[in-house]
Structure formats: structure tokens, C-alpha cells
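Structure at a glance
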Amino acid sequence: MYIKRKYGFWMTFNWSKEPFILGLIYSLAIFGGSYILDFHIYIPWQPISIIGIAVAFYLGFKNNSAYDRTWEARKIWGGIVNNSRSFGAAALAFVSGADSDQVIKELIYRHVAWLTALRHQLRLSRPWEHAENRLNGKYAPTVCEDYTEKLDLELKPFLTEKEILALDGKTNTATQIMKNQAIRLQALRDKGYFEDFRHMEFHQLIVSFYADQGKAERIKNFPFPRQYASTAVWLTIVFCGFVPMGLLDIAKSANGWVYWVSPVISALIIWVFFLMEKIGDYSENPFEGTYNDVPITSIAKGIEIDLREMIDDTNIPSPVQDENGFLL
């Protein structure tokens, strides 16, 4: 996620320059052909402007819907932050008995392992995502291929070797880790580390973690409906195809530089509409590992720091630093 005050103009343009370049070439071809061949292919601007208004409304609808997905993803992870802190505080307050410090540390570590597995799973590629545009050096298009190896390395500090081996071959690692947490909490209740009421409080937190995981997986695994996304692209292409012809109608009586500035204006109009479409397109998938993601790696690392500081742990990691204005 980009965290500086604003994208610079040239940064924005560089990210979206292809429609401008193609639009300029197309517009020059229309205007140049009309000038050289004296063959005027123009359409009155009024009907084109009506199409443009309709396309702008549709792009606005798409962008609002895409933003809702991103904002919902951030709210889900905000809930995970709050409930994780509550879990850490409950573990410290509720657990008592022999080796309670070690038991509390085990519960905290298993929760951090769940966070780690969940964020890894949410970064796995989907066919509708922009895997080729992942942040260079942070997420690669081959993330699916090295998923297991990377995850096992990150889980080793928090889980026993036996528990990690038991996770091999499981489809949803995060779900299995939280299941193990629930089983362990029941075993601790049976041993008298806390009574039934406090066990039910723990269980309610387990329920909330599963709910938040399910909500995040819903956004990850259910794409923005393709009919809406695809229609936005095709409507934009149709409108932008008419733009040079509409400007030619306006500029046909002009001479000199006014005539030849019109293709540049046409390219700018084309760029603006495709930029709006592209912003919505890149807001649809808040966990794909690109420029405008919800920074779940940074959020998860922040939770880990909070929980481990609660138990006065050692070797606590530093917060994730931004890289060139990006949080991961």
C-alpha cells in the first residue's frame, strides 16, 4: 500500500501511460488521414458526449464497488487486530497454574502462527488478479510455487516440529492452526488452568477469528463480478474510439496548430477515462500484493509485536518499514 501523501503526476502517468500512447497514435492516424486524404471521418460531438456521461457514471459505480471491497478488507483486519489484543490480554489474565508462563507463551505463539499462515494464504495468486504487477522484490508471480517452503520457515519459531508436520497436506493451514488452538484450550480447561466461564470467553474469540478469516477469504476467493468489470472496459474502449472523430468534427474548420493539438487533447481524454477504469480495476483485489493492497504483512507484524511485548518476550521484531513509500 502506498503511504506517502499523494502519487506524483509522473508516477501516476508512468503507471497508466499505455492508454495515452495508444490513444495518441490512434488520434494522429484519424487526424492525419483526414488531413492527407481529405477524407473526413467525423461524428457530431453531442451524441459522443452523452456516451461519455454514461460511461463516467458506470465507471463511478465500478470504482465505488471496488473501493468497498478494499475498505471492507481493511475493516476485517482491524477486527483481527482488536480481537488478537483481547486474546493476548485474556491469556495473561485467565491462565493460571503450573508452568502458566510457558502455556501463555504457547497460546500467543500459536496465534502468531495463525496470523502468519492467513496472510500467506491471502497472498496466493488468483486468475483474475494482477500477479505480474506484484511489488518487485517483495511478492513474485511464483508466490504459489514457493508458498509451502516460505510458510514452513516462518512457522518454525512459533510451532513445534510435530505440529508443523501435522499441517502438511492440509488445504487450509490457517484453519487447522486455529483448530489446534481450540483443542489445546479445551485440554487446558480439563487440566484446570481456567474454569468454564473463561473457557467460553476464549471460545468466543476463536469464533471471531474464524469469522474474520472467512470474511477475508470471501473477498480473496470471490472476484468482483466479471460482467461488471468487463463491461467497464468495453464501454470505455467504445467511447474512446469515438473521441477523435468527435474532436475532428470540432477541429475540421480550424487551421494550423489548433488542428494538430486536437489529437493530443483526444489522447488526454482517452487517458483520463482509462485511468479511472484502471484505478477501479486495481482496487478490486485488496490482497494480491500490488501497489494499493491492504498492508496485511505490516498489520500482522504489528499484532505479533503487541502480543510478544505482553509476555515480555525476547528477539521481538521491528515494525515493517516502508519501502519507497509502500507498506507491505
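Now for a quick tour of the structure. Everything quoted here is computed from the prediction, not taken from an experiment.

Cut-offs used in this document
Residues numbered from 1 in each chain as written. Predicted model: local features only at pLDDT ≥ 70, side-chain atom pairs only at ≥ 80, totals over all residues. Heavy atoms only, no water. Helix = DSSP H or I, 4+ residues; strand = E, 2+ residues; numbered from the N terminus. Rg over C-alpha atoms; globule rule 2.2 N^0.38 Å. Buried < 20%, exposed > 50% of the residue type's maximum accessible area, 1.4 Å probe, protein only. Contact = heavy atoms within 4.5 Å. Expected span 1.5 Å × (residues − 1). Phe/Tyr/Trp six-rings, centres within 6.5 Å; stacked < 30°, edge-to-face > 60°. Lys NZ or Arg CZ within 6 Å of the ring centre and 35° of its normal. Salt bridge = Lys/Arg side-chain N within 4 Å of Asp/Glu carboxyl O. Axes fitted to C-alpha atoms, helices over the stretch in contact; angles between N-to-C directions. Parallel < 35°, antiparallel > 145°, perpendicular 65-115°, else oblique. Left-handed = near helix turned anticlockwise from the far one by under 90°. Nonpolar A, V, L, I, M, F, W, Y, C, P; charged D, E, K, R; others polar.

**Thoughts on the overall build of the protein**
- Scanning the protein from terminus to terminus reveals 11 helices and zero strands.
- Mapped in sequence order, the helices and strands of the protein form the string α-α-α-α-α-α-α-α-α-α-α.
- Taken over the C-alpha trace, the protein has a radius of gyration of 27 Å; the compact-globule value for 328 residues is 20 Å, which it surpasses by more than 25%.
- Dimensions of the protein along its principal axes, counting C-alpha atoms only, are 95 × 35 × 30 Å.

**Some remarks on the side chain of Ser298**
- On the secondary structure map, Ser298 appears in helix H11 (residues 296-310).
- A residue is classified by how much of its surface remains accessible, and Ser298, at 17% relative accessible area, is buried.
- If near-sequence neighbours (up to four positions away) are discounted, Ser298 is found in contact with Val320, Leu327 and Leu328.

**Thoughts on helix H4 (residues 100-122)**
- Helix length check: H4, at 23 residues, gives a terminal C-alpha distance of 33 Å against a target of 33 Å (1.5 Å per residue), a fit within 8%.
- Of all 23 residues in H4, 19 are buried; the element is thus mostly enclosed.

**With respect to the packing of aromatic side chains**
- In this structure the tally under the stated criterion is 21 aromatic pairs.
- Aromatic side chains Tyr35 and Trp260 sit 5.3 Å apart centroid to centroid with 65 degrees between the ring planes, which places their arrangement in the edge-to-face category. On the criterion of sequence distance, the pair formed by Tyr35 in helix H2 (residues 17-37) and Trp260 in helix H10 (residues 257-281) is long-range, its members being 225 residues apart.
- With a relative accessible area of 36%, Trp260 lands in the partly exposed category.
- Three or more aromatic residues joined by ring pairs form one cluster here, namely Phe87, Phe94, Trp114, Phe194, Phe202 and Phe209.
- A cation over a ring is seen here: Lys278 above Trp15, with NZ or CZ 5.1 Å from the ring centre.

**A closer look at the pattern of salt bridges**
- Applying the stated criterion across every chain, the model contains 17 salt bridges.
- Between Lys62 and Glu277 there is a salt bridge, with its nearest N and O atoms 2.6 Å apart. Placement of Lys62 in helix H3 (residues 45-94) and of Glu277 in helix H10 is noted, with a sequence separation of 215 residues between them.
- Note on Lys62: relative accessible area 0%, which makes it buried.

**Some points on the packing of H4 against helix H7 (residues 173-190)**
- The interhelical angle for the contact between H4 and H7, taken along N-to-C directions, is 165 degrees, at an axis separation of 8 Å. When the axis of H4 is compared with that of H7, the two are roughly antiparallel. Of the two elements, H4 crosses H7, and the hand of that crossing is left-handed. Taking contact as the criterion, the partners of Val103, Glu106, Leu107, Arg110, His111, Ala113, Trp114, Ala117, Leu118 and Gln121 in H4 are, on H7, Thr173, Ala174, Ile177, Met178, Asn180, Gln181, Arg184, Leu185 and Leu188.
- Here the residues of the contact of H4 with H7 are counted per class, giving 11 nonpolar, five polar and three charged.

**Notes on unusual backbone geometry**
- Phi at Asp99 is positive, roughly 55 degrees, even though this residue is not glycine.
- Tracing the backbone through its elements, the reader meets Asp99 in the loop between H3 and H4.
- The class of Asp99 is exposed, set by a relative accessible area of 60%.
- For Asp312, which is not glycine, the phi torsion reads 50 degrees and is therefore positive.
- Residue Asp312 is classed as exposed on the basis of its relative accessible area, which comes to 69%.

**A short note on the packing of H7 against helix H8 (residues 196-221)**
- Where H7 contacts H8, the axes come no closer than 10 Å and their chain directions differ by 175 degrees. It follows that H7 is roughly antiparallel to H8 by the angle criterion. Touching Ala174, Thr175, Met178, Lys179, Gln181, Ala182, Leu185, Gln186 and Arg189 of H7 are Asp196, His199, Phe202, Ile206, Phe209, Tyr210 and Gln213, all from H8.
- Here the residues of the contact of H7 with H8 sort into eight nonpolar, five polar and three charged.

Function-wise, these values are silent; they only describe arrangement.
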